[in-house]
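Each chain is listed here by its residues.
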Amino acid sequence: MIVGKQNKPNKTTAKIGLFSSITILISAVVGIGIFFKNKSILNNNGSDGWWVLVSWIIAVIITLTTALAFAEIISSDKKHDGSGLAGWAYKICGHRVGRFVLIVMPLFYFIFKLVDTSFFAGEAVLLVFNKPVTSSDGSVTMTIQQNTYIIVLVAYAIMIAFIAINTFSTKAAKSISWVATLCKFTPLILIGILGITFGALDGFNNSFFHIVASNNVPTITTTASRSTSDVALGIFASLPALLFTFDSFLTVGNAAVSMEKPDKQVPRAILIGIPIVAALYLLVTVGQLLTGQRDVYAFFEYVVGKCGGNDNAKMIINIIVGCVIMLSLFGSVNAMTIGAVRSIQAGIDSENIVGAVIFKRWGKRKPLRAGCLYALVISSIICGLMAVPTIILNSDSVYDGVSNLPTLFFFVVYATVVLFGLINHYTHKIEVKRMKIYPIIAIISIIGCGFAFGYNLFYEFLGRCFIDNVNVKWGMFKGQSIDRSIAAIIVWIAFIIFMALPFINDLCIAKIRRQHSQKLIWQ
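How each quantity is defined
- Residues numbered from 1 in each chain as written.
- Predicted model: local features only at pLDDT ≥ 70, side-chain atom pairs only at ≥ 80, totals over all residues.
- Heavy atoms only, no water.
- Helix = DSSP H or I, 4+ residues; strand = E, 2+ residues; numbered from the N terminus.
- Buried < 20%, exposed > 50% of the residue type's maximum accessible area, 1.4 Å probe, protein only.
- Contact = heavy atoms within 4.5 Å.
- Areas by Shrake-Rupley, 256 points an atom, 1.4 Å probe, with all protein chains shown as cover.
- Patch = residues over 30% accessible without salt bridge, like charges linked within 9 Å, V, L, I, M, F, W, Y side chains within 5 Å.
- Salt bridge = Lys/Arg side-chain N within 4 Å of Asp/Glu carboxyl O.
- pLDDT = per-residue confidence, 0-100.
- 1 Å grid on protein atoms, 1.4 Å probe; cavity = no way out; pocket = protein on both sides within 12 Å on 5 of 7 lines; lining within 4 Å.
- Points joined across faces, edges and corners; volume = space filled by probe spheres on them.
- Nonpolar A, V, L, I, M, F, W, Y, C, P; charged D, E, K, R; others polar.
- Expected span 1.5 Å × (residues − 1).
- Axes fitted to C-alpha atoms, helices over the stretch in contact; angles between N-to-C directions.
- Parallel < 35°, antiparallel > 145°, perpendicular 65-115°, else oblique.
- Left-handed = near helix turned anticlockwise from the far one by under 90°.
- Polar contact = N/O pair within 3.5 Å; in protein donor to acceptor, adjacent residues only side chain to side chain.

Here we look at the overall build of the protein
A count of helical and extended segments in the protein gives 17 helices and four strands. Burial status across the protein gives 57% buried among its 523 residues. Pairs at least 24 residues apart make up 77% of the contacts formed inside the protein by residues separated by at least 6 positions. Of the roughly 21100 Å² of accessible surface on the protein, 67% is carried by carbon and sulfur atoms.

Structure (structure tokens):
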């Protein structure tokens, strides 16, 4: 493949070290999901804490094996086009798969992730000014009274701000990752420590491991009263959602252009960061299960109540929790921006994405300027398109539903790259640092990622349309139920766009520029 020379980072530009790489990974992975995820996982598993824990452990195993599998793939020193996952796909899977990822990674995955995360960050800002509502089951629901057009405007301002930060200062982007990681770690570690402490002081009477129901915990369906099929279905339904909480750990690979020693730093960041995130998630889960609390707001209200706090104290703690979630989401937006800008910049430098020649002129004097401008233009278009139904429905359902799709579709990409890595393990086509256990971890990873993709796309958004067609609850803080058939149409249209995007991109390049240096996807 003939590619254009990539812009060399200015020597004066601040480099991203190992610690910063780990914080970027953690900021990208640990979003808002962990604060509320266990509520749905408990529902799937009949409020049985043991099977909730088993579901998390299986998800952790799949994630760790995927991380280890990519550690071998990344170890190749073969030169490749693109950065991060796209580059790894090129050298292991070949031109067609590599080019497919090179195009969909910046133009689909990162752009939609950036837009959606910015929207949730906008909601988090407004949540600070809204009072939470306690449900009959003891869980706390956060709602936003403001109209959605206000959320859209706040979200767009946040997105522009973070793109601007990445345009002018890599050092500032690193600092935000550090602060965001601290803001995420503090409350999540507290949930684990306080959960174990207050659960023990209370005799674990509210625990989801306990068979006796309390006033604020619904009756628990124990394992003994649930059939094997119910238990299995509960775990199957939980796994895709849990794997979503670990997604984006490969984002750190797209920051390689700004790293000191990317060949060593990226795999180290992944192998250090993922176990840290996994341990954090398990600690949070144990804390919630031992106290019988379904989300972070209910948990801290429980702790304040145990300490003798009144309603005013509970309101203050809710505001603090809201601020922490807001800052955490700022970190996620920053991490998505880092990944988006750098993956787009790689596509521009090599002239592999449509419009690269035009935007490339902006990056002659300052690294990443072209990537930032391109990201701003594309994300603004996506924001405008998604804002229309959001404002009409006065709901965040569209953003919430679409936010899972990049993750869902990329599960099949992860499985494909790991499969080619498994083949390469035996063919030795590409020289890598081989691990003896690679075949085992690769098979676990392929099955896990493939299951998450297949279960959601073919069962949830195809099979169930004909089986029960129960409405889908989309929405984070201002959501509503959507007919499953309509949701399925949205998901499948998005999947068709995802699959067709590389061909559309290359058709545009072929029409606009008769003579082009890159090898198109069908060539």
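Still more to cover.
Description of a nonpolar patch on the surface
A grouping of Ile57, Ile61, Ile440 and Ile444 is seen on the molecular surface, where their side chains present a nonpolar patch of about 330 Å² in accessible area. Mapped onto the nonpolar patch, the elements with two or more residues apiece are helix H3 (49-74) and helix H16 (438-467). Assignment of secondary structure puts Ile440 in helix H16. Overall, the relative accessible area of 55% leaves Ile440 in the exposed class.

Examining the pattern of salt bridges
Counting across every chain of the model gives four salt bridges. Of the charged contacts in the structure, one is a salt bridge between Arg464 and Glu460, with a shortest N-O distance of 3.3 Å. Residue Arg464 and its partner Glu460 are located together in helix H16, separated by four residues, close to a single helical turn. This pair shows no difference in class: Arg464 is buried, exactly as Glu460 is. One network of salt bridges, with partners in common, ties together Glu460, Arg464, Asp468 and Arg484.

Examining the confidence of the model for the protein
Here the protein shows a mean pLDDT of 79. Residues at 70 or above account for 83%. Looking at the elements of the protein, mean pLDDT is at its lowest for strand E2 (residues 140-141), recorded as 57, and at its highest for helix H15 (residues 405-427), recorded as 90. In the predicted structure, residues 1-13 sits below a pLDDT of 50 and forms 26 contacts with residues beyond four places in sequence or in another chain. Here residues 211-223 is modelled with pLDDT under 50, and outside its nearest four sequence neighbours on either side it reaches 26 contacts, counting other chains as well.

Considering empty space enclosed by the protein
A full pass over the atoms with the stated rule returns three cavities of 30 Å³ or more. There is about 50 Å³ of room inside the second largest cavity. What lines the second largest cavity is simply Val115, Ser118, Phe119, Val152, Ala155, Tyr156, Cys383 and Tyr399. Elements with a contribution of two residues or more to the lining of the second largest cavity: helix H5 (95-127) and helix H6 (148-168). Of the residues that constitute the lining of the second largest cavity, the class distribution is seven nonpolar, one polar and no charged.

Thoughts on helix H2 (residues 33-44)
In this model H2 runs 16 Å from its N-terminal to its C-terminal C-alpha over twelve residues, within 8% of the 16 Å that 1.5 Å per residue would give. What H2 keeps buried is the set Ile34, Phe35, Phe36, Lys37, Asn38, Ile41 and Leu42.

Re the packing of helix H8 (residues 228-244) against H16
Relative orientation of the contacting elements H8 and H16 amounts to 110°, with a least axis distance of 9 Å. By the angle between their directions, the pair H8 and H16 is classed as roughly perpendicular. The handedness of the crossing between H8 and H16 is left-handed. Contacts from Phe236, Ala237, Leu239, Pro240, Leu243 and Phe244 of H8 reach H16 at Gly448, Phe451, Ala452, Tyr455 and Asn456. The class makeup of the residues in the contact of H8 with H16 is nine nonpolar, two polar and no charged.

Considerations on the packing of H3 against H15
Helix-helix packing: each pair is described by the crossing angle between the helix axes and the interaxial distance. At a minimum axis distance of 10 Å, the contact between H3 and H15 shows a crossing angle of 55°. By the angle class used here, H3 and H15 are oblique. For the pair H3 and H15, the crossing hand works out as left-handed. Residue-level inspection shows Ala69, Phe70, Glu72 and Ile73 of H3 in contact with H15, the latter providing Tyr414, Val417, Val418, Gly421 and His425. Broken down by class, the residue content of the contact of H3 with H15 amounts to six nonpolar, two polar and one charged.

Some points on the side chain of Thr245
The topology assignment puts Thr245 in the loop between H8 and helix H9 (262-291). Engagement of the side chain of Thr245 in a polar contact is seen with the backbone oxygen of Leu242, the distance being 2.4 Å. Sequence-distant contacts of Thr245, that is, excluding residues within four places in its chain, are made with Val29, Lys37, Trp56 and Tyr281.

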